[in-house]
Amino acid sequence: QVQLVESGGGLVQPGGSLRLSCAASGSIFRINVMGWFRQAPGKQRELVATITSAGSTDYADSVKGRFTISRDNAKNTVYLQMNSLTPEDTAVYYCKANLRRRLYLGDDDYWGQGTQVTVSS
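Quick notes on the rules
- Residues numbered from 1 in each chain as written.
- Predicted model: local features only at pLDDT ≥ 70, side-chain atom pairs only at ≥ 80, totals over all residues.
- Heavy atoms only, no water.
- Core = buried A, V, L, I, M, F, W, Y, C linked by side-chain atoms within 4.5 Å.
- Buried < 20%, exposed > 50% of the residue type's maximum accessible area, 1.4 Å probe, protein only.
- Helix = DSSP H or I, 4+ residues; strand = E, 2+ residues; numbered from the N terminus.
- Pairing = 2+ DSSP bridges.
- Contact = heavy atoms within 4.5 Å.
- Axes fitted to C-alpha atoms, helices over the stretch in contact; angles between N-to-C directions.

## Things to note about the nonpolar core
Phase 1: Trp-36, Leu-80, Met-82 and Tyr-93 are the most contacted members of the largest nonpolar core, which has 30 residues in total.
Phase 2: Within the residue set of this core, elements represented by two or more residues are strand S1 (2-7), strand S3 (18-26), strand S4 (30-39), strand S5 (46-51), strand S7 (67-72), strand S8 (77-82), strand S9 (91-100) and strand S11 (115-119).
Phase 3: For this core, the element with the highest residue contribution is S9, accounting for five residues.

## Describing the pairing of S5
Phase 1: By the bridge criterion, five bridges tie S4 to S5 in an arrangement that is antiparallel. Looking at the pairing, Trp-36 lines up with Ala-49 of S5.
Phase 2: Hairpin connection from S4 to S5: six residues lie between these consecutive antiparallel strands, with Gly-42 at a positive phi of about 75 degrees.
Phase 3: The pairing of S5 with strand S6 (residues 57-59) spans three bridges and is antiparallel. Paired with Ala-49 across the strands is Tyr-59, a residue of S6.
Phase 4: Where S5 hands over to S6, the hairpin turn is made up of five residues, of which Gly-55 adopts a positive phi near 100 degrees.

## Concerning the side chain of Thr-50
Phase 1: Note on placement: Thr-50 falls in strand S5.
Phase 2: Given a relative accessible area of 18%, Thr-50 falls into the buried group.
Phase 3: Leave out the neighbours within four places in its chain, and Thr-50 touches Val-33, Met-34, Gly-35, Ser-56, Thr-57, Asp-58 and Ile-69.

## Describing the sheet that holds S1
Sheet strands line up and pair through hydrogen bonds in the backbone, either parallel or antiparallel.
Phase 1: Spatially, S1-S3-S8-S7 is the arrangement adopted by the four strands of the open sheet, whose pairing is antiparallel. The open sheet has two edge strands with one neighbour each: S1 and S7. Between one strand axis and the next, the sheet turns by 15 degrees as a mean value, whatever way the strands run.
Phase 2: Inspection of the sheet shows S3 paired to S8 by six bridges, in the antiparallel sense. Bridging from a neighbouring strand, Ala-23 pairs with Thr-77 of S8.

Right, dumping it as structure tokens:
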């Protein structure tokens, strides 16, 4: 069994910052890519940022220069530092991990339950 638990969401004023965390736990042999996605009301879920086990990152154009993704491989945890937030960043943010539970098993995607981020004055 694998669980991804997010934390750090909340209400923030425009221009403010938040830091999201996502910790993976359970039976894990190796975590490949970890990432953050978001889904605003009435919209499709979209990619925000990803990071490989080696630390290579990728960002959506809408968050480049404002958001920073990082990870602690020893803790199986990924972070998303969000700065200069705008109301357009309001969404439920989901953590995703592509991982292998056992050496002899394939790689699968796991999702967290989501954490709400609301940017409003």
